[in-house]
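Residue-level listing of the chains:
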Amino acid sequence: MNTQDPSLQIVGPKDQFPEVTLIAPVQSGYLMLALEVDQRPPIGFFIQSRRKTKLLADLKALAATLRKTDEVLDASVFKAAIIPPGRGAFLKKRPHIDIARFDVVMLIEFTSLAEVERFRATQKWQDAVEKATGAARMSIEFTATNTRHIGPVDHSRDGIFLFNYFFADSLDINLKVWNYTAGWFQDQTGLDNSTVLLPQDASELPYTIINHCRWDRLRDILPSLLFNKTFKPFVLDNFEQNNTAAIPILYRRA
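Note that this is a predicted model, so its numbers are computed, not measured.

Conventions adopted
- Residues numbered from 1 in each chain as written.
- Predicted model: local features only at pLDDT ≥ 70, side-chain atom pairs only at ≥ 80, totals over all residues.
- Heavy atoms only, no water.
- Phe/Tyr/Trp six-rings, centres within 6.5 Å; stacked < 30°, edge-to-face > 60°.
- Helix = DSSP H or I, 4+ residues; strand = E, 2+ residues; numbered from the N terminus.
- Buried < 20%, exposed > 50% of the residue type's maximum accessible area, 1.4 Å probe, protein only.
- Pairing = 2+ DSSP bridges.

1. Focus on the packing of aromatic side chains
Item 1. As enumerated under the stated definition, the model contains 15 aromatic pairs in all.
Item 2. Aromatic side chains Phe-17 and Phe-234 sit 4.9 Å apart centroid to centroid with 80° between the ring planes, which places their arrangement in the edge-to-face category. Within this pair, whereas Phe-17 is found in the segment before β1 (29-36), its partner Phe-234 is found in helix α7 (residues 231-241), the two being separated by 217 residues in sequence.
Item 3. Judged by relative accessible area, which is 5%, Phe-17 ranks as buried.
Item 4. Between Phe-78 and Phe-161 the ring centres are 5.1 Å apart and the planes differ by 55°, which places this aromatic pair in the tilted class. Remark: Phe-161 occurs in strand β5 (residues 160-168) and Phe-78 occurs in strand β2 (residues 72-82); sequence separation between them is 83 residues.
Item 5. Classification of Phe-161 as buried rests on a relative accessible area of 0%.
Item 6. An aromatic cluster of at least three residues, connected via ring pairs, comprises Phe-78, Phe-161, Phe-163 and Tyr-251.

Structure (C-alpha cells):
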C-alpha cells in the first residue's frame, strides 16, 4: 500500500490502490519539440491541414536520419488523436498558464544529456526548429532527463501515446502526488510503462514535468478516464488539493 508523505494533502479514499511499481530512471537525455499547428475540436484531428502534413513529413524525415546515429537511442514523431477540452479547477486559479494544445510532438532520446546539448547547438537542429515553429501557433522546445520510470515506452509499434503536461506550484509536490496516484493507472488501466520527463531549465516552459506513456488501444485508457468512478476522488481531487494540474493529450504515431 502507499506510504503517505506528510507533505502531501491527501483527500478521498486513502491507499485504495497499490503503490506504483517503479524501476530506476534511465540515464538518457531527451530533446522534445511540441507544436500547436491545427486547431480542431477534441476528436477532430483526423482532419489535417496541408501545413501540418508537410511539417510531419519533415520531422519524420529528420527522425529517420537521427535514428541512424550512434548517440540517438530513439527519435519519434506523434500527432494528436484527442485533446480534451476544458480547464481544471486549479488552473482556473492560474489563468496566466497556457493550456497545452500541442497536436505535433517530436521526442528524441540520446545516450546522455551532454549529447542532447551538443546536438541542440547544431545548425541542423536550429534550422529544423525555426522551420517547424514558423508553421505553428505555439511551440515549446526543451531538454529533459528521466525522473520517474515505470518501464520503457515502446515507440516501435502503433498505440495510444500520452503526453501529460503537468503544472504545479511545487515540483517536489508534483512528483509526490504523481507517485501517489500512478498506482491507479497501473491497477485500473493495465499501464506497464511510463517515462516522466523533467525539463532541465524551468524558465523554458510553464510545465513542471511531462509524463509519457503508451497503451495498445484507445479503449484501454479512455473509458477509465471518462467512466471510472474512482478516477476523480483518487486522482483528480488529489492533484487539485496539492496545487497540481494535469493537461493530458493522447497521440498516435505520425
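2. Re unusual backbone geometry
Item 1. Within the chain, Asp-15 stands out as a residue other than glycine whose phi angle is a positive 55°.
Item 2. Considering the arrangement of structural elements, one finds Asp-15 in the segment before β1.
Item 3. Although it is not a glycine, Asn-243 adopts a positive phi angle of roughly 50°.
Item 4. Along the chain, Asn-243 turns up in the loop between α7 and β8 (244-253).
Item 5. The exposure class of Asn-243 is partly exposed, given its relative accessible area of 30%.

3. Comments concerning the pairing of β5
Item 1. Of all 9 residues in β5, 9 are buried, a share of seventy percent or more.
Item 2. On β5, burial covers both faces: Ile-160, Leu-162, Asn-164, Phe-166 and Ala-168 on one face and Phe-161, Phe-163, Tyr-165 and Phe-167 on the other are all buried.
Item 3. Examined bridge by bridge, β5 and strand β7 (residues 209-215) share 7 bridges and lie antiparallel to one another. Its bridge partner lying in β7, Asn-164 is registered against Asn-211.
Item 4. Across 8 bridges, β5 lies against β8 in antiparallel orientation. Bridge assignment links Phe-166 to a residue of β8, and that residue is Ala-246.

Everything listed here is a matter of geometry and, on its own, says nothing about what the molecule does.
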